[in-house]
Amino acid sequence: MGWFIKFIDSSLGKKLVMALTGLFLALFLLEHLGGNLLLLINDGGEAFTTFSEVMASPYNIIIRVIEYGLFILMFYHAVNGVRLWFLNKRSRGQAYESYNPSANSTLFSRTMILSGSIIFIFLVIHLRTFFFPYRLGDAPGSMYEGVIEAFSDPVYSGFYLLALVLLAFHLIHGVQSAFQTLGLNHNKYTPFIKGFGIVFAVVICAGFASIPIYFLFRSMSGGM
Amino acid sequence: MAKNMNLKLKVWRQKNKEDKGRFQIYDATNVSPDMSFLEMIDVVNEELIKKGEDPIAIDHDCREGICGSCGVYINGRPHGPLREITTCQLYMRHFHDGQTIVIEPWRAAAFPVIKDLIVDRSAFDRIIAAGGFISVNTGGAPDANAIPITKDDQEWSLDAAECIGCGACVAACKNASAMLFVSAKASHLVRLPQGKIERERRALAMVAQMEKEGFGSCTNTEACSAECPKGISMDAIAQLRREYFKANFKVRK
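Residues numbered from 1 in each chain as written. Chains lettered and ligands numbered in written order. Predicted model: local features only at pLDDT ≥ 70, side-chain atom pairs only at ≥ 80, totals over all residues. Heavy atoms only, no water.

Trainee: Give me the lowdown on the overall build of chain B, citing residues and values where you can.
Mentor: Per the secondary structure count, chain B includes nine helices and seven strands. In terms of overall dimensions, chain B has C-alpha extents of about 60 × 40 × 40 Å along its principal axes. Looking at chain B as a whole, 55% of its 253 residues are labelled buried. (Helix = DSSP H or I, 4+ residues; strand = E, 2+ residues; numbered from the N terminus. Buried < 20%, exposed > 50% of the residue type's maximum accessible area, 1.4 Å probe, protein only.)

Below, the structure written as structure tokens:
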């Protein structure tokens, strides 16, 4: 077992962990988006409520296990990312006087710690609004009503949109980078992976953004 | 013919490893656009010597883009504003009259500054010594072409073997990671039959030495490959990762 810990904590191993957990989190985003888009059906939240009840059921053992795994991996991804950032910062030593990194790399790739940190803050707020009160606490009313209430606040919706743009930044680099980290790079399929990463990031960002935008406009036009 | 230029150089001066170092401004006057960057430094140094001052110390050797000595950071980029060249291949026509040029040594904890613009790159030598070789018997030369190798494999190996060990990858990387160098040196061997025998030991030993030297880890910004004077591709890094992952699961201890 000692060799395995040493392996996943080596400089290449830490990155392997980032790639595997990152890809898992990206898959979760897809599932989460699929469920959330049910909110846009104009049925008073019926489809969404049915879906969230199934997902939250204590008898849904597979989902319960994945849920615990998700929390653990999300936390590991964040902690490991911060560790890597600190270690990598130390490797530079003295900073350059004149530094022009935009000539050789994308902004997305250089700001993963920043986009990741803001996503983490977003996550805490997001869980406090929805997950904790409706899943663990005893919030009055349904989650659907909670969604309507939360997104009718322009400040709250605005923060969501900002976080989603940063999530897209994180994914534009993260998705394709994960494949490179796994050792998958080939002139035949790497251009496809890079393109796919961008499309995935935009779809996730636009898909999730449609929900606060939809409810914000609905509340402003007076409809409930 | 283009007119000669007057430039301001902001150069890092540092007496020795212990010295804290500082930037100093020099005037480079009447610089011909046809001079190479190193020739321009030569002229400035001539003036400094005439004035009895210490000339700017800068590494250089072949001056034809193949030795990898002349690595300096010029206006925020390794080897200056062009791609796939070394400093000796950089010409003054790529700068304009009145421009200030900032000249710094490579910045990496694993590359301590020896003097002015010269850094100690022996960390690279220790990585090679750890595993960047193949073991062969001495004696008579073996038959040529005794081991069949496809042209594709030869070329693929040579793509990685082009690395001149200049350290621009480390200098450009925001993490001062040496992954492009290490992977080029591991890949050019493992892409040929003779290099496959020691592949696991090599991958493990080179990565371990790389970590020991204090280089950062690769976060795939691809700055290294973009700034590499030989255009070494990111596929070398992917290959080293595969080699390293497999080796960890394969070796028996």
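Trainee: Give me the lowdown on the interface of chain A and chain B, citing residues and values where you can.
Mentor: At the interface, 36 residues of chain A touch 49 residues of chain B. Of the roughly 3500 Å² buried at the junction of chain A and chain B (both faces included), carbon and sulfur atoms supply 52%. The largest share of the area that chain A buries against chain B comes from Leu-12, Tyr-96 and Asn-104 of chain A, three residues that together contribute 19% of it. Its salt-bridge partner being Lys-10 of chain B, residue Glu-97 of chain A comes within 2.5 Å of it at the nearest N-O pair. Applying the counting criterion to the chain A and chain B interface returns 27 residue pairs in polar contact (both at pLDDT 80 or more). Of all the secondary structure elements, the ones that give two or more residues to the side of chain A that touches chain B are helix 1 (2-8), helix 2 (11-36), helix 4 (61-92), helix 5 (107-110) and helix 8 (154-181) of chain A. Its residues placed into classes, the side of chain A that touches chain B shows twelve nonpolar, 18 polar and six charged. (Contact = heavy atoms within 4.5 Å. Buried area = accessible area lost by both parts, 1.4 Å probe. Salt bridge = Lys/Arg side-chain N within 4 Å of Asp/Glu carboxyl O. Polar contact = N/O pair within 3.5 Å; in protein donor to acceptor, adjacent residues only side chain to side chain. Nonpolar A, V, L, I, M, F, W, Y, C, P; charged D, E, K, R; others polar.)

Trainee: For the pairing of strand 1 (residues 5-13) of chain B, give the residues involved together with the corresponding values.
Mentor: Regular strands have side chains that alternate between both faces of the sheet. Residues and elements named next belong to chain B. Bridge count between strand 1 and strand 2 (residues 22-31): eight bridges; the pairing is antiparallel. Following the sheet pairing, Lys-8 is matched in strand 2 by Asp-27. As defined by bridge partners, strand 1 adjoins strand 5 (residues 100-104) across four bridges and the pair is classed as parallel. Directly across from Val-11, in strand 5, lies its bridge partner Ile-103. (Pairing = 2+ DSSP bridges.)

Trainee: Tell me what's going on with the packing of aromatic side chains, and back it up with residues and numbers.
Mentor: In total, this model carries 29 aromatic pairs over all chains according to the counting rule given. Residues Tyr-144 of chain A and Phe-215 of chain A carry aromatic rings whose centres are separated by 6.1 Å and whose planes lie at 75 degrees to one another, so their mutual orientation is edge-to-face. Of this pair, Tyr-144 of chain A sits in helix 7 (residues 143-151) while Phe-215 of chain A sits in helix 9 (residues 190-220), placing them 71 residues apart in sequence. Of the two residues examined, Tyr-144 of chain A and Phe-215 of chain A, each falls in the buried class. Look at Phe-111 of chain B and Phe-215 of chain B: their rings are 5.6 Å apart centre to centre, the planes differ by 80 degrees, and that puts the pair in the edge-to-face class. Highlighted residues: Phe-111 of chain B in the loop between strand 5 and strand 6 (113-115) and Phe-215 of chain B in the loop between helix 7 (199-212) and helix 8 (223-227), separated in sequence by 104 residues. Both residues of the pair, Phe-111 of chain B and Phe-215 of chain B, count as buried. An aromatic cluster of at least three residues, connected via ring pairs, comprises Trp-3, Phe-4 and Phe-7 of chain A together with Tyr-244, Phe-245 and Phe-249 of chain B. Sitting over the ring of Trp-12 of chain B, Arg-107 of chain B keeps its end group 4.3 Å from the ring centre. (Phe/Tyr/Trp six-rings, centres within 6.5 Å; stacked < 30°, edge-to-face > 60°. Lys NZ or Arg CZ within 6 Å of the ring centre and 35° of its normal.)

Trainee: An account of the pattern of salt bridges is needed here, citing residue identities and associated values.
Mentor: All names here are of chain B. Tallied over the full model, the rule gives 21 salt bridges over all chains. Glu-155 is the partner of Lys-151 in a salt bridge, and the nearest nitrogen-oxygen pair spans 2.5 Å. Taken as a pair, Lys-151 and Glu-155 lie in helix 3 (residues 151-161) at a separation of four residues, close to a single helical turn. Classification of Lys-151 by relative accessible area gives exposed; the value is 57%. Glu-155 sits in the partly exposed class, given a relative accessible area of 39%. Linked by salt bridges that have partners in common, Arg-13, Asp-54, Lys-115 and Asp-116 make up one network.

Trainee: Describe the side chain of Ser-177 of chain A, listing the residues and the values that go with them.
Mentor: Its place among the elements puts Ser-177 of chain A in helix 8. Those residues within four positions of Ser-177 of chain A in sequence are excluded, and the remaining contacts are Lys-15 of chain A together with Thr-219 and Asn-220 of chain B.

Trainee: I'd like a description of the domain arrangement of chain B, backed by residues and values.
Mentor: Residue and element names in this part refer to chain B. Looking at chain B, the domain boundaries give domain 1 (5-114) and domain 2 (121-250). Counting from both sides, the interface comprises 20 residues of domain 1 and, opposite them, 20 residues of domain 2. Between domain 1 and domain 2 the total buried area reaches about 1600 Å² when both faces are included, carbon and sulfur atoms providing 58% of it. If you sort the residues of domain 1 by the area they bury against domain 2, Glu-84, Ala-110 and Phe-111 come out on top, with a joint share of 32%. Taken together, the links from domain 1 to domain 2 amount to two salt bridges. For the salt bridge of Arg-121 with Asp-59, the shortest nitrogen-to-oxygen distance reads 3.1 Å. Applying the counting criterion to the domain 1 and domain 2 interface returns seven residue pairs in polar contact (both at pLDDT 80 or more). Each residue belonging to the side of domain 1 that touches domain 2 can be placed in one class, and the counts come to nine nonpolar, six polar and five charged. (Domains from an automatic or database assignment.)

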